Amino acid sequence: MQAWQQDGLSLADYERLVPLDKLELRMLLMHATGKSRIQLITHSDQSPTSTARTHLLSLIGRRLAGEPMAYILGEREFFGLSFVTSPAVLIPRADTELLVELALQHAPHNSSLLDMGTGSGAIAISIAHEREDLAVSAIDISTDALAIATQNATRLLPTNRQQPFQLLQSDWFSALGSQRFNTIVSNPPYIEQHDPHLSQGDLRFEPLSALTDHADGLSAYRHIVSTARQHLSADGWLLMEHGYDQADAVRALLLQHQYTEVQSWRDLAGIERVSGGKLQTED
Ligand code: GLN
């Protein structure tokens, strides 16, 4: 038995004995006991109730086994909103806020936007939350992911939104018929199949199909860039998040398919994280 598994420990004892990051432990304590951050400090000499203790020990055990905080807590903050997360979806990442900001800048007033491979819905819902004038559609191939995205949309978007917000099951563009959109965004699976990161940290617990294309990491871009031409309106922007070393390759694909104003944008760490281009208007 570990020291932190003993009976009768106070909240302060857990903070002292559990070999986890202090901030993470505090979040687990708050989750298990229902106490606020302040109460944890002011009640630090108290012991959790036996129900709370059982819950706490299970949460600590899961975290020590490497399970991501976002799955243990069942939520993660993204773009100032709290998104439900489960192992059916990729955990929303702060890096991806750049894609949301760029979409907000590039989407014309009163236009339509499509998010490809929406997962938890973090990108599409953040955009829709910010811009009531946009008709937002989001697709995913996974029905389990769509169930999470639906929960998030219900929680976070007003029911009387000016413009429609729709979630659709689709293998990339296949269910979209001849629909066109003013803006298309995506954070597709982009990790190479043999990348060692797939078997490290949080990624071990995330859906493999949301992380890797099971190939060279670029196959989703090849498909999206070539097919998006049939689904973008004139002058529409295609904006895609990618891995830290993929900007050159993604720009090359956009140029090869005659997009204009092809460029990349850097994330807060200074890494080229999103690339995009505009569909050339036919003369
Ligand atoms: N950004 C994720 C990571 O490298 C990968 C997400 C993706 O493949 N779209 O951890």
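Cut-offs used in this document
- Residues numbered from 1 in each chain as written.
- Predicted model: local features only at pLDDT ≥ 70, side-chain atom pairs only at ≥ 80, totals over all residues.
- Heavy atoms only, no water.
- Helix = DSSP H or I, 4+ residues; strand = E, 2+ residues; numbered from the N terminus.
- Expected span 1.5 Å × (residues − 1).
- Buried < 20%, exposed > 50% of the residue type's maximum accessible area, 1.4 Å probe, protein only.
- Arc of directions from axis to C-beta.
- Contact = heavy atoms within 4.5 Å.
- Polar contact = N/O pair within 3.5 Å; in protein donor to acceptor, adjacent residues only side chain to side chain.
- UniProt positions renumbered as here; feature names shortened; annotations may be inferred.
- Axes fitted to C-alpha atoms, helices over the stretch in contact; angles between N-to-C directions.
- Parallel < 35°, antiparallel > 145°, perpendicular 65-115°, else oblique.
- Left-handed = near helix turned anticlockwise from the far one by under 90°.
- Near = heavy atom within 4 Å.
- Areas by Shrake-Rupley, 256 points an atom, 1.4 Å probe, with all protein chains shown as cover.
- Nonpolar A, V, L, I, M, F, W, Y, C, P; charged D, E, K, R; others polar.

**Topic: helix α2 (residues 22-33)**
- For α2, with twelve residues, the first-to-last C-alpha span of 16 Å sits near the 16 Å given by 1.5 Å per residue.
- Of the residues making up α2, those classed as buried are E24, L25, L28, L29 and A32. When α2 is viewed along its axis, its buried side chains cluster within an angular range of 140° and face the same direction.
- Along its buried surface, α2 packs onto α1 (11-17), α3 (37-42), α4 (50-64) and α5 (69-73).
- The N-cap of α2, judged by a side-chain oxygen 3.1 Å from the amide nitrogen of L23 a few residues on, is D21.
- Immediately downstream of α2, the backbone of G34 shows phi near 75°, a positive value.

**Some points on the UniProt feature "binding site: substrate" (unreviewed entry) in the protein chain**
- The positions that UniProt labels "binding site: substrate" (unreviewed entry) are, in the present scheme, N187, P188, P189 and Y190.
- Along the chain, N187 turns up in the loop between β6 (181-186) and α9 (208-211).
- The residues contacting N187, other than those within four sequence positions of it, are L90, T96, L99, M116, G117, I123 and E241.
- If you trace the backbone, P188 turns up in the loop between β6 and α9.

**Side note on the packing of helix α10 (residues 219-228) against helix α11 (residues 247-256)**
- Close contact between α10 and α11 brings their axes to 9 Å; oriented N to C, the two are set at 25°. Comparing their axes, α11 and α10 come out roughly parallel. In terms of crossing hand, the pair formed by α10 and α11 is right-handed. Contacts from Y221, R222 and V225 of α10 reach α11 at V250, L253 and L254.

**So, the site of the ligand**
- Close contacts around the ligand come from L90, R93, N187, P188, P189, Y190, I191, L203, A210 and L211, and that covers them all.
- In the environment of the ligand, a nitrogen atom lies 2.7 Å from a nitrogen or oxygen atom belonging to the backbone of P188.
- One of the side-chain N or O atoms of Y190 is found 2.7 Å from a nitrogen atom in the ligand.
- Here the ligand loses 86% of its free accessible area of 300 Å² to cover by the protein chains.
- Class assignment of the residues belonging to the shell around the ligand gives a composition of eight nonpolar, one polar and one charged.

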